[in-house]
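# Structure assessment
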Amino acid sequence: MDTNPPPTSRLRLGLATASLTAVCYLLSYMANDWLFKQTEFTQGIAWIYLPAGVRLICTLLFAEAALIGIFVASLLAACLYNLFPGDPVTTAGYAVISALAPYLAYRFTLEGMDLRRSLTNLTTARLMLCVLIYALSNPLLQLIWFAFRGVSYHFWAGLIVMSIGDLIGSLIVVYTIKTLLSFIPLPDR
């Protein structure tokens with residue numbers, strides 16, 4: 001008996017999770033702008049960046065579907081917030097890196113630390129390593145891209161602030177979700 005769902009069901013599920021990821025990401029982006037706009041080092045680089053945590057959590061949960069959702073939401077956020085006016089190439093690169101960095105951290109955690117796709121063996125140490133890998137890789141890739149495109153003039157300071165912002169934002173999101181999940185009763189075994 002074949003236990004795999006039909007392709008149309010998998011496609012619908014993939015579209016639903018990509019859409020859910022995009023909505024969560026955009027909402028976190030708006031919330032971050034509202035809550036932490038005053039902590040920006042420069043436009044797009046803040047000391048606290050909640051969308052980093054949403055990117056990572058959605059990628060851990062939804063893998064490739066999250067990659068698509070984050071890409072689409074990053075394009076939308078860049079357009080809505082006018083991050084790179086009149087520069088579609090920088091915008092596209094920003095969106096690709098925003099989606100790819102958490103996915104690469106996830107893949108490294110899967111393969112390098114023998115994490116199961118079901119996340120059943122996701123320990124606190126593995127999660128923290130994944131957060132750290134992401135909090136370093138995303139800013140590095142973004143700032144290399146921005147320097148290449150000539151839109152960032154504060155590479156080292158930006159790298160430090162963006163890494164701290166991604167780390168703090170990821171930790172806030174991860175521990176908020178962990179706390180919320182602690183209120184859900186687990187079934188008796």
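Rules used in this analysis
Residues numbered from 1 in each chain as written. Predicted model: local features only at pLDDT ≥ 70, side-chain atom pairs only at ≥ 80, totals over all residues. Heavy atoms only, no water. Salt bridge = Lys/Arg side-chain N within 4 Å of Asp/Glu carboxyl O. Buried < 20%, exposed > 50% of the residue type's maximum accessible area, 1.4 Å probe, protein only. Helix = DSSP H or I, 4+ residues; strand = E, 2+ residues; numbered from the N terminus. Contact = heavy atoms within 4.5 Å.

Moving on, we get to the pattern of salt bridges. In total, this model carries four salt bridges according to the counting rule given. With a shortest N-O distance of 3.7 Å, Asp33 and Lys37 are connected by a salt bridge. The class of Asp33 is partly exposed, set by a relative accessible area of 24%. Sharing partners across several salt bridges, the network here consists of Asp33, Lys37 and Glu40.

Before going further, it helps to examine the environment of Val173. Tracing the backbone through its elements, the reader meets Val173 in helix H6 (residues 155-182). Sequence-wise, Val173 and Trp145 are 28 residues apart; in three dimensions their C-alpha atoms are separated by 26 Å. Excluding anything up to four places from it in sequence, Val173 contacts Leu50, Gly53, Val54 and Ile57.

On to unusual backbone geometry. Phi is positive for Ala63, which is not a glycine, with a value near 50 degrees. Relative to the assigned elements, Ala63 resides in the loop between helix H2 (50-62) and helix H3 (64-80). For Ala63, a relative accessible area of 4% corresponds to the buried category.

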